[in-house]
2 protein chains.
Amino acid sequence: MRSEELLLADIGNSRIHIYHNQKVRHLLPDDAIVDYGKEEIFYISVNQELEKRLQQETSWKNISGQIHLPNEYDTMGIDRKALCLSYDSGVFVDAGSAITVDVMERGIYKGGYIFPGLKAMLESYKRISPALDVPLVEHVDVTQLPLTTKEQISYGIIASIKTLIEKTSDKKRLYFTGGDGKYLAGFFRDGIYDETLVFKGMQHALKASKQMNN
Amino acid sequence: MRSEELLLADIGNSRIHIYHNQKVRHLLPDDAIVDYGKEEIFYISVNQELEKRLQQETSWKNISGQIHLPNEYDTMGIDRKALCLSYDSGVFVDAGSAITVDVMERGIYKGGYIFPGLKAMLESYKRISPALDVPLVEHVDVTQLPLTTKEQISYGIIASIKTLIEKTSDKKRLYFTGGDGKYLAGFFRDGIYDETLVFKGMQHALKASKQMNN
């Protein structure tokens, strides 16, 4: 079986993301176990609770021990490490409940930073005052300063994320993944959205680990 | 009485800020009314509830009608308008429960944007995950990418605010006020912290209004 044909899973807090035939399926744990429980699947997990269940009810194999990110830090999430392994160099943005931004240079982790996710940001304004309880403007214009509360909030969120990521990227490629990844990528001239990045990183790690053992 | 000697008040949601002898006192409403209720004070207010009480118990005068900011928008807070009137040109940052950033060019309001306040931002990370429940690093180093969760969160907050405000400022002066104003100003080479900015704006408005009536 070619490595591209491996079944892979990324176990999140509420969903199990399955990589199957180069597509990603986002499943509830029960559904994932029914559909794939008897398959050979390599997985990483940030959900310890669910992992116990997987060990009992499936034939899946945890490959966290094979995910090595040079210069990683202790409490770095395993999915974030896998994401960084997808390409040798680049800026990797995972826009979910939080937005993580990580920089890789020739296979070495150079550091990163964390924003609250878009939903968490909007919640945060809402909690400050009912006057700031507004949705995100669909097409935020970051080229000119806005004149309404709603637009000024969207600008505050999007322009600050965009400006810092652009500064970080320098000339590196910008990769986006996660639930808001496609939306965010749209604000960058060369933003690449790819929901399979974490799985690409897992494939690279498996390949490297196999080569090491040969 | 020279306009510099006027007693002025900025009525906030929980405090009354009194400008007296070129200093600012931050008082609870009860204390402010005991100390200054019988004085002649010109005020602006974002607190409609408290304003009713002031009308009954003090001889203070609401001067909101005299605060005119060219190109202001409908729902713009009166304290924010007064802040923008403090100088003819500049970028005005009020760092409180929310952080507002406003641009003035030769007396004309050019627009702005809104961030959640520092406390609200930290709360927002905490709500996403207990792993992100960290305090702000005291001395955030925005010159290099950090390698721990705590520093990556502080960097996400401070570097994004700093980078966008610097981009906005171009060559304009940067003025800071509000509870976190002094702290934030410290991240900018030429950041000017002045807790009397709103009152300077009120003085200018009163002066302009007097000249118009003469």
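Residues numbered from 1 in each chain as written. Chains lettered and ligands numbered in written order. Predicted model: local features only at pLDDT ≥ 70, side-chain atom pairs only at ≥ 80, totals over all residues. Heavy atoms only, no water.

Engineer: Honestly, the interface of chain A and chain B in this entry has me stumped. Any pointers?
Structural biologist: Accessible area lost during the coming together of the parts is what is often quoted as the interface size. With 39 residues of chain A at the contact, the number on the chain B side is 39 residues. In total, chain A and chain B occlude about 3100 Å² of area from one another, counting both sides; carbon and sulfur atoms represent 65% of this. When the area that chain A buries against chain B is broken down by residue, the three leading residues are A:Ile114, A:Leu147 and A:Gln152, summing to 20%. Here chain A and chain B share 16 residue pairs in polar contact (both at pLDDT 80 or more) between them. The set of elements that each furnish at least two residues to the side of chain A that touches chain B consists of strand 7 (98-105), strand 8 (108-116), helix 4 (118-128) and helix 5 (149-169) of chain A. (Contact = heavy atoms within 4.5 Å. Buried area = accessible area lost by both parts, 1.4 Å probe. Polar contact = N/O pair within 3.5 Å; in protein donor to acceptor, adjacent residues only side chain to side chain. Helix = DSSP H or I, 4+ residues; strand = E, 2+ residues; numbered from the N terminus.)

Engineer: Help me out: how do you make sense of the UniProt feature "binding site: K(+)" (unreviewed entry) in chain A in this one?
Structural biologist: Residue and element names in this part refer to chain A. UniProt feature "binding site: K(+)" (unreviewed entry): in the numbering of this structure it lies at Asp94. With respect to the element layout, Asp94 can be found in strand 6 (residues 90-95). When neighbours within four sequence positions are excluded, Asp94 is seen to be in contact with Leu83, Ile99, Thr100, Thr177 and Gly178. (UniProt positions renumbered as here; feature names shortened; annotations may be inferred.)

Engineer: What should I look at first to understand helix 2 (residues 48-57) of chain A in this one?
Structural biologist: Each full turn of the α-helix corresponds to 3.6 residues, which orients residues three or four apart in the same direction. Residue and element names in this part refer to chain A. For helix 2, the set of buried residues is Leu50, Glu51 and Leu54. One face of helix 2 carries all of its buried residues, which in axial projection span an arc of 105 degrees. Opposite the packed face of helix 2, turned more than 90 degrees from it, sit the exposed residues Gln48, Glu49, Lys52, Gln55 and Gln56. Residues of helix 2 that are buried make contact with strand 1 (7-11), strand 2 (16-20), helix 1 (29-36), strand 4 (41-45) and strand 5 (61-62). (Buried < 20%, exposed > 50% of the residue type's maximum accessible area, 1.4 Å probe, protein only. Arc of directions from axis to C-beta.)

Engineer: What should I look at first to understand the sheet that holds strand 7 of chain A in this one?
Structural biologist: The strands making up a sheet associate through hydrogen bonds between their backbones, and the pairing can be parallel or antiparallel. Pairing in this open sheet of five strands is mixed, and the strands run 8-7-6-9-10 (chain A) from one edge to the other. Taken across any chain shown, the strands that pair with only one partner, and hence form the sheet edges, are strand 8 and strand 10 (191-193) of chain A. Geometrically, the sheet is characterised by an average inter-axis angle of 20 degrees between neighbouring strands, direction not taken into account. Sheet strands touched by helix 4 (residues 118-128) of chain B: strand 7 and strand 8 of chain A. Its angle to strand 8 of chain A, the strand with the most contacts, is close to 105 degrees. (Pairing = 2+ DSSP bridges. Axes fitted to C-alpha atoms, helices over the stretch in contact; angles between N-to-C directions.)

Engineer: Any chance you could explain the relation of the copies chain A and chain B here in plain terms?
Structural biologist: The pair of chain copies shares a relation made of a rotation about an axis and a shift along it. Overlay of chain A on chain B (RMSD 0.0 Å): rotation 180 degrees, translation along the axis 0.0 Å. The two molecules are tied by a two-fold rotation axis, judged by turn and shift. In terms of proximity to the rotation axis, the leading residue of chain A is A:Ser160, whose C-alpha is 2.6 Å off the axis. When the interface residues of chain A are mapped onto chain B, 100% of them are again interface residues, pointing to one common binding face. (Least-squares fit on C-alpha atoms with pLDDT ≥ 70 in both.)

Engineer: Which parts of the structure should I look at to understand the pattern of salt bridges?
Structural biologist: Pairs can form between side chains of opposite charge once their charged atoms are near each other. Inspection of every chain in the model, using the stated rule, returns 22 salt bridges over all chains. A salt bridge links A:Arg53 to A:Asp30, with the nearest nitrogen and oxygen atoms 2.8 Å apart. Here A:Arg53, found in helix 2, pairs with A:Asp30, found in helix 1; they are 23 residues apart in sequence, far enough to count as distant. The class of A:Asp30 is partly exposed, set by a relative accessible area of 46%. With a closest N to O distance of 3.2 Å, B:Glu105 and B:Lys172 form a salt bridge. Residue B:Glu105 is found in strand 7 (residues 98-105), and its partner B:Lys172 is found in the loop between helix 5 (149-169) and strand 9 (174-177); the two are separated by 67 residues along the sequence. Using a relative accessible area of 36% as the deciding quantity, one classes B:Glu105 as partly exposed. Of the residues examined, B:Lys172 reaches a relative accessible area of 23% and is grouped as partly exposed. (Salt bridge = Lys/Arg side-chain N within 4 Å of Asp/Glu carboxyl O.)

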